[in-house]
Amino acid sequence: MTDSRSVSIWTSNQLPVTDRLFTLGNTVQKWFCLKDTNGKRCNNMNYYTISEASTASFTEKRSEFIGNISPVATNDEAVGFINSIKAQHRKARHNVYAYILRSDNISRYSDDGEPQGTAGVPVLEVLRKKGLTDVCIVITRYFGGILLGGGGLVRAYSHTASLACDAAHIMNMCSCLQLDITCDYGIYGKIAYILPSFRTITLNSDFGTEVSMKILVLTEMLEPLKKALVEAANGDISINIGEEMFYDFSSAAE
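This structure is a prediction, so every number in the text was calculated from the model and none was measured.

What counts, and where the lines are drawn
- Residues numbered from 1 in each chain as written.
- Predicted model: local features only at pLDDT ≥ 70, side-chain atom pairs only at ≥ 80, totals over all residues.
- Heavy atoms only, no water.
- Axes fitted to C-alpha atoms, helices over the stretch in contact; angles between N-to-C directions.
- Helix = DSSP H or I, 4+ residues; strand = E, 2+ residues; numbered from the N terminus.
- Left-handed = near helix turned anticlockwise from the far one by under 90°.
- Contact = heavy atoms within 4.5 Å.
- Core = buried A, V, L, I, M, F, W, Y, C linked by side-chain atoms within 4.5 Å.
- Buried < 20%, exposed > 50% of the residue type's maximum accessible area, 1.4 Å probe, protein only.
- Phe/Tyr/Trp six-rings, centres within 6.5 Å; stacked < 30°, edge-to-face > 60°.
- Lys NZ or Arg CZ within 6 Å of the ring centre and 35° of its normal.

Focus on the packing of helix α2 (residues 120–129) against helix α3 (residues 149–167)
Here is step 1: Where α2 meets α3, the axes come as close as 8 Å, and the angle between the chain directions of the two elements is 35°. Relative to α3, α2 is oriented so that their crossing is right-handed. Listed contacts from α3 to P122, V123, V126 and L127 of α2 are V154, Y157, S158, A161, S162 and C165.

Next up, the structure:
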């Protein structure tokens, strides 16, 4: 059994934003409301996807199975990825695929010539069991001359799909907001002590005449964090609320 991996960085999973204003105290703050391509408000639930394209393969009774998985955000991206893999493996007998998209809850699959129910559905079920979305997987089979039977095909395609998923970096994408925080050096220690308790991610810190930080906070933790920061600083702190986005919190401390 072999297990290979190729990596490419993908950065197209960004949603358009629309701004609106609200007032916090005497300061007008600007924030951004995530919307999908149809202008609908995105929910605040997290989801799991992958950060990069990956590949895994193994051989069963002389048939080689190659699983390619990639992040995709739209139906067109999924179809484009499927066609690119087919172009790479024109001589293969089968290029089975399955994909799941958050947009409109789309899920599709193809047996690509394998007996019905032995290929596409098992691959789709692996994606569902792993809780992945906005992903497309294509499994290429080079026939080795030995029939595997229905059960053998289900196991082989399921195993290849699982290997491909395991080879990828899985991200826990959470709805969050960016905060720009400015405070005096005298209270920086208190702020730095509080932030980990709210599972924040620090993007940048600047130590000039004052301390400036850019952090990400989970949407549902925004109000509790603001309250804690203001209390710790006795109100002597600037908190600007910026863009709302989905960001990978898989490395954030629980």
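Comments concerning the nonpolar core
One broad rule of soluble globular proteins: the nonpolar side chains tend to lie buried together.
Here is step 1: F65, I69, V123, L127, I137, I139 and Y157 are the most contacted members of the largest nonpolar core, which totals 26 residues.
Here is step 2: It is α3 that provides the largest number of residues to this core, a total of 7 residues.
Here is step 3: The next biggest cluster of nonpolar side chains, apart from the first, holds 22 residues, and it includes C183, F198, A228 and I237.

Points about the packing of aromatic side chains
Here is step 1: Per the stated rule, a full pass over the model turns up 7 aromatic pairs.
Here is step 2: Where F58 meets F65, the ring centres are 5.7 Å apart and the plane angle is 20°; that geometry is what we call stacked.
Here is step 3: Ring geometry for Y188 and F207: centres 5.4 Å apart, planes at 90°, overall edge-to-face. Taken together, the residues Y188 in helix α4 (residues 185–194) and F207 in strand β10 (residues 201–207) connect sequence positions 19 residues apart.
Here is step 4: On the basis of relative accessible area, F207 is assigned to the partly exposed category, the value being 45%.
Here is step 5: What links up through ring pairs into an aromatic cluster is the set F58, F65 and Y157.
Here is step 6: Across the ring face of Y47, the terminal group of R102 is positioned such that the distance to the ring centre comes to 3.9 Å.
Here is step 7: A cation over a ring is seen here: R102 above F246, with NZ or CZ 5.2 Å from the ring centre.

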